[in-house]
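# Working through the structure, step by step
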Amino acid sequence: MTSSLTRRRFVSGAAAGATAMTLGLSSGATLASPAAADDVGKAARALLAVMSGDNRARTVLGADDERRTAWHYTPRRRPGARLDQLNTTERQALWSLLGSVLSPRGIQQLEGVIKLERVLGELTNNLSYRDPENYLIVMFGDPAKADPFAWRFEGHHLSLTVVVAPGTGISVTPAFFGANPATVPQRHRHNGFRLLGTEEDAAFGLVRSLEGDVRAAAIIGDRSLGDIVAGPGREDALNRFEGVPLGRLSAGQSDEIYRILALFAGTMRDDVAKAALERVRSDGANALHFAWAGSLTAGRPHYFRIHGPSVLVEYDNTQSGANHVHAVWVDPIDVFGRDLLKRHVKADH
């Protein structure tokens, strides 16, 4: 029998839902079907089944461990098992777990982040610090049980948090991808590589197409913000909408907004991405806002944001001479699975 106490402990962040209420948000639909929860649960159990005792002990923490929501994207000490602690079989099972949630494009993005960590180490002659093996998998709760559990795969410039509620669905934000360098310089063998270049180019094309009062409404600052706002521990920091609503944009410009959102959501499996985008569209054009800060010239510090009741995407390229990107996708309703878990408990009681 599923433990009600375990479920109630796992359902955290209820107070944070008050932020959503101040924005007039309603509870949203779970991003994916029970089939998604089943797929991810099977992959998580398969990973633990092939892990050594030591790696399993490193990987599995309690469901109510406070570190479940303590994500970050800087190099630091983290709980979990590192890539270089996994043997070939364990690595293959880990990649299967990641593939149960990520799309092929999402896997490419993840591999690109890790590749850039090596590039950065080579450019700075500091591979001992910029270590492409320093990415860790950690689980909160036991996927062999009927209770909700979560896992996170994380390292420098990468943080993926997945919450699984058996029989209900999954939650996949916050999802963070970063890139340093944003464009690999000519002196390196991977010169010209731009991990998040498609997203940046699309946003530049959009903001440059805006004119007059519409552009003035979209630009919220003549300097970039210096980093994302909804960073670790600040997922609810943006409690009001800024910029220009999509209702003031042309059809082509609105389509470009949704294309940018599809690039972010498209890192996830197809059913998750489709459900997320459908929910954003159902909020209506006037509910979604586009904001820009900083230069309109590529290569200079800039920031953009797409924000609505069901989505927050932030992209900042300020550091290292505007060659260092931080980008995050947050579901304001279901960050860390708070809405998913409430629905899961309600369904059982």
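Here goes a summary of the coordinates provided. (Residues numbered from 1 in each chain as written. Predicted model: local features only at pLDDT ≥ 70, side-chain atom pairs only at ≥ 80, totals over all residues. Heavy atoms only, no water.)

### Here's the deal with the overall build of the protein chain
- A count of helical and extended segments in the protein chain gives 12 helices and 13 strands.
- Rg of the C-alpha trace for the protein chain: 20 Å, near the compact-globule value of 20 Å for 349 residues, within the 12% margin.
- Taken over the C-alpha atoms alone, the protein chain extends approximately 60 × 50 × 30 Å along its principal axes.
- Taking all 349 residues of the protein chain together, 55% fall into the buried category.
- Element-wise, carbon and sulfur atoms account for 49% of the exposed surface of the protein chain, whose accessible area totals about 14,200 Å².
- Within the protein chain, the 38 negative side-chain charges are centred at a point lying 2 Å from the centre of the 40 positive side-chain charges. (Helix = DSSP H or I, 4+ residues; strand = E, 2+ residues; numbered from the N terminus. Rg over C-alpha atoms; globule rule 2.2 N^0.38 Å. Buried < 20%, exposed > 50% of the residue type's maximum accessible area, 1.4 Å probe, protein only. Areas by Shrake-Rupley, 256 points an atom, 1.4 Å probe, with all protein chains shown as cover. Lys, Arg positive; Asp, Glu negative; His and termini not counted. Charge placed at Lys NZ, Arg CZ, Asp CG, Glu CD.)

### Some points on the pattern of salt bridges
- Counted under the stated rule, the structure contains 19 salt bridges.
- For the salt bridge of Asp 131 with Arg 82, the shortest nitrogen-to-oxygen distance reads 2.8 Å. Linking Asp 131 in the loop between helix 6 (104-123) and strand 3 (136-140) with Arg 82 in strand 2 (residues 81-82), this pair joins segments that are 49 residues apart in sequence.
- Assessed through its relative accessible area of 18%, Asp 131 is described here as buried. (Salt bridge = Lys/Arg side-chain N within 4 Å of Asp/Glu carboxyl O.)

### Observations concerning the environment of Leu 136
- If you trace the backbone, Leu 136 turns up in strand 3.
- As a C-alpha pair, Leu 136 and Ala 81 span 55 residues in sequence and 5.1 Å in three-dimensional space.
- Here Leu 136 is in contact with Arg 78, Pro 79, Gly 80, Ala 81, Arg 82, Arg 152, Phe 153 and Glu 154, once residues within four sequence places are set aside. (Contact = heavy atoms within 4.5 Å.)

### Section: helix 6
- Taking 1.5 Å as the rise per residue, helix 6 with 20 residues should run 28 Å; its terminal C-alpha atoms sit 28 Å apart, in good agreement.
- For helix 6, the complete set of buried residues consists of Gly 106, Ile 107, Gln 109, Leu 110, Gly 112, Val 113, Ile 114, Leu 116, Glu 117, Val 119, Leu 120 and Gly 121.
- Buried residues belonging to helix 6 abut helix 5 (88-99), strand 4 (149-155), strand 5 (158-165), strand 7 (175-179) and helix 7 (197-209).
- Asn 125 occupies a position one or two residues after helix 6 and carries a positive phi of about 55°. (Expected span 1.5 Å × (residues − 1).)

### A closer look at the environment of Gly 197
- Following the sequence through the fold, Gly 197 ends up in helix 7.
- Overall, Gly 197 belongs to the buried group, its relative accessible area being 4%.
- Taking the C-alpha atoms as reference, Gly 197 lies 19 Å from Leu 102; in sequence the two are 95 residues apart.

### A look at the nonpolar core
- Counting 75 residues, the largest nonpolar core has Trp 151, Phe 153 and Phe 290 as its most contacted members.
- The dominant element in this core, judged by the number of residues it contributes, is helix 3 (residues 34-50), at 7 residues.
- Apart from the residues within four sequence positions on either side, Phe 290 is in contact with Leu 206, Val 207, Leu 210, Ala 218, Glu 242, Gly 243, Val 244, Ile 257, Phe 304, Arg 305 and Ile 306.
- Formed by 11 residues, the second largest nonpolar core is a distinct cluster that contains Tyr 73, Phe 176, Val 328 and Val 330. (Core = buried A, V, L, I, M, F, W, Y, C linked by side-chain atoms within 4.5 Å.)

### Examining helix 9 (residues 251-265)
- Over its 15 residues, helix 9 runs 21 Å from end to end, which matches the ideal 21 Å to within 8%, given 1.5 Å per residue.
- Inspection of helix 9 places Gln 253, Ser 254, Ile 257, Tyr 258, Ile 260, Leu 261, Leu 263, Phe 264 and Ala 265 among the buried residues, and these make up the whole buried set.

### Observations regarding the pairing of strand 11 (residues 302-308)
- Taken across its 7 residues, strand 11 has 7 buried, putting it largely inside the fold.
- Because side chains alternate across strand 11, one face comprises the buried residues His 302, Phe 304, Ile 306 and Gly 308, and the other comprises Tyr 303, Arg 305 and His 307, equally buried.
- In the sheet, strand 10 (residues 289-294) pairs with strand 11 via 6 bridges, with the strands oriented antiparallel. For Phe 290, the partnering residue across the bridge sits in strand 11 and is Ile 306.
- Summarising the sheet, strand 11 and strand 12 (residues 311-317) pair through 7 bridges and their orientation is antiparallel. Bridging from a neighbouring strand, His 302 pairs with Asn 317 of strand 12.
- Between strand 11 and strand 12, which pair antiparallel and follow one another directly, the connecting turn spans 2 residues. (Pairing = 2+ DSSP bridges.)

### A look at the pairing of strand 3
- Across the 5 residues of strand 3, 5 count as buried, placing the element largely inside the fold.
- Burial of the side chains of strand 3 extends over both faces: Leu 136, Val 138 and Phe 140 are buried on one face and Ile 137 and Met 139 on the other.
- For strand 1 (residues 60-61) and strand 3, the ladder comprises 2 bridges, and the chain directions are parallel. In the strand pairing of strand 3, Val 60 is matched with Met 139.
- Where strand 2 meets strand 3, 2 bridges bridge the pair, whose relative direction is antiparallel. When the sheet's bridge partners are listed, Arg 82 is paired in strand 3 with Leu 136.
- Strand direction decides the pairing type here: strand 3 and strand 4, joined by 5 bridges, are antiparallel. Among the inter-strand pairings, Val 138 is bridged to a residue of strand 4, identified as Arg 152.

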